[in-house]
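Remarks on the overall topology
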Amino acid sequence: MLPEKEGLSSNMPRRNDTETVELQERVVAINRVSKVVKGGKRFRFAVLVVVGDGATQVGTGIGKAKEIAEAVRKGIEKAKKNMVEVRHAGNTIPHPVVGEFGAARVLLKPCPEGTGVIAGGVVRAIMELGGVKDVVTKVTGRTSNAINIAHATLEAIKITRTSDEIMKLRGLAGEENEETSAEEAVIGE
């Protein structure tokens, strides 16, 4: 048995435990690719798959194979390895955010409860499987490529922050706790 190296586990990225959680899968786009050879054309398929638990985790993956079923299986495996956390503020996202990838730009805006998911195909799948119930989205940029739109949406999700995270980054979380504890001590006396 090999000796364990100290400090290695803290530096390595943690993998999400996707085996214990029931994940939903959705095929978003199927792209048929042809290659011209001497005897005719050879067809392959590239499939974009979105995987999520319907609460906080979502991921995308692209599978390529000669058959659609095999491409979907590969896409699901890659999506499970590519999971990101979706931050919520109730049923919506914490703040407006723009994600960019290649020529695609995706705007995600929070909205009041009961609005629903107002989005196109790829963004809708990612938002629904990520557990967001109320959001308004707009795909801008110079592309309608589903793969780039999916990557731009995930980039937007990655850069969202909750109000608690922002306060902690600004160093205000500790000061507020001290003030409230001082007020409680005065009130308690």
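Residues numbered from 1 in each chain as written. Predicted model: local features only at pLDDT ≥ 70, side-chain atom pairs only at ≥ 80, totals over all residues. Heavy atoms only, no water.

The helix and strand tally for the protein chain stands at six helices and eight strands. Overall, the protein chain shows an N-to-C arrangement of helices and strands of α-β-β-β-α-β-β-β-β-α-β-α-α-α. A separation threshold of at least 6 residues defines the contact pool for the protein chain, and within that pool the share at least 24 residues apart is 57%. Carbon and sulfur atoms provide 50% of the accessible area of the protein chain, an area that totals close to 12500 Å². (Helix = DSSP H or I, 4+ residues; strand = E, 2+ residues; numbered from the N terminus. Contact = heavy atoms within 4.5 Å. Areas by Shrake-Rupley, 256 points an atom, 1.4 Å probe, with all protein chains shown as cover.)

We now examine the sheet that holds strand β7 (residues 117-118). In spatial order, the strands read β5-β6-β8-β7; together these four strands make up an open sheet with mixed pairing. The open sheet has two free edges, formed respectively by β5 (97-101) and β7, since each of these has just one partner strand. By the bridge criterion, two bridges tie β7 to strand β8 (residues 135-141) in an arrangement that is parallel. Directly across from V117, in β8, lies its bridge partner V135. Across the face of the sheet, helix α4 (residues 146-158) comes into contact with β5, β6 (104-110) and β8 while running at roughly 135° to β5. (Pairing = 2+ DSSP bridges. Axes fitted to C-alpha atoms, helices over the stretch in contact; angles between N-to-C directions.)

Taking strand neighbours across the sheet as the criterion, the four strands line up as β1-β2-β3-β4 in an open arrangement whose pairing is antiparallel. Edge positions in the sheet fall to β1 (24-37) and β4 (84-85), since each has one partner strand and no second. By the bridge criterion, eight bridges tie strand β2 (residues 40-52) to strand β3 (residues 57-65) in an arrangement that is antiparallel. Residue F45 lies in a different strand from β3, and its bridge partner there is A65. Those strands touched by helix α2 (residues 68-81) are β1, β2 and β3, and its axis lies near 145° from that of β3.

Our focus in this paragraph is the environment of A55. Following the sequence through the fold, A55 ends up in the loop between β2 and β3. On the accessibility criterion, A55 (39% relative accessible area) is partly exposed. Linking A55 and G131, residues 76 residues apart in sequence, is a C-alpha distance of 4.1 Å. Look past the residues within four positions of A55 in its chain and what remains in contact with it is H88, L129, G130 and G131. (Buried < 20%, exposed > 50% of the residue type's maximum accessible area, 1.4 Å probe, protein only.)

So, about α4. Taking 1.5 Å of rise per residue, 13 residues should cover 18 Å, and α4 covers 18 Å from first to last C-alpha, within 8% of that figure. Listing the buried residues of α4 in full gives A146, N148, I149, A150, A152, T153, L154, A156 and I157. With a side-chain oxygen lying 3.1 Å from the backbone nitrogen of I147, the N-terminal cap of α4 falls on N145. (Expected span 1.5 Å × (residues − 1). Polar contact = N/O pair within 3.5 Å; in protein donor to acceptor, adjacent residues only side chain to side chain.)

Time to look at the confidence of the model for the protein chain. Looking at the protein chain, the pLDDT average stands at 85 and 80% of residues meet or exceed 70. With pLDDT under 50 throughout, residues 1-14 is counted as low confidence; its partners more than four residues away or in other chains account for zero contacts. (pLDDT = per-residue confidence, 0-100.)

One way to put it is that helix α3 (residues 121-129) packs onto α4 with a least axis distance of 9 Å and a crossing angle of 40°. On the basis of the axis angle, α3 is oblique to α4. The handedness of the crossing between α3 and α4 comes out as right-handed. Contact residues: α3 offers V122, V123, I126 and M127, while α4 offers A146, I149, A150, T153, L154 and I157. The class makeup of the residues in the contact of α3 with α4 is nine nonpolar, one polar and no charged. (Parallel < 35°, antiparallel > 145°, perpendicular 65-115°, else oblique. Left-handed = near helix turned anticlockwise from the far one by under 90°. Nonpolar A, V, L, I, M, F, W, Y, C, P; charged D, E, K, R; others polar.)

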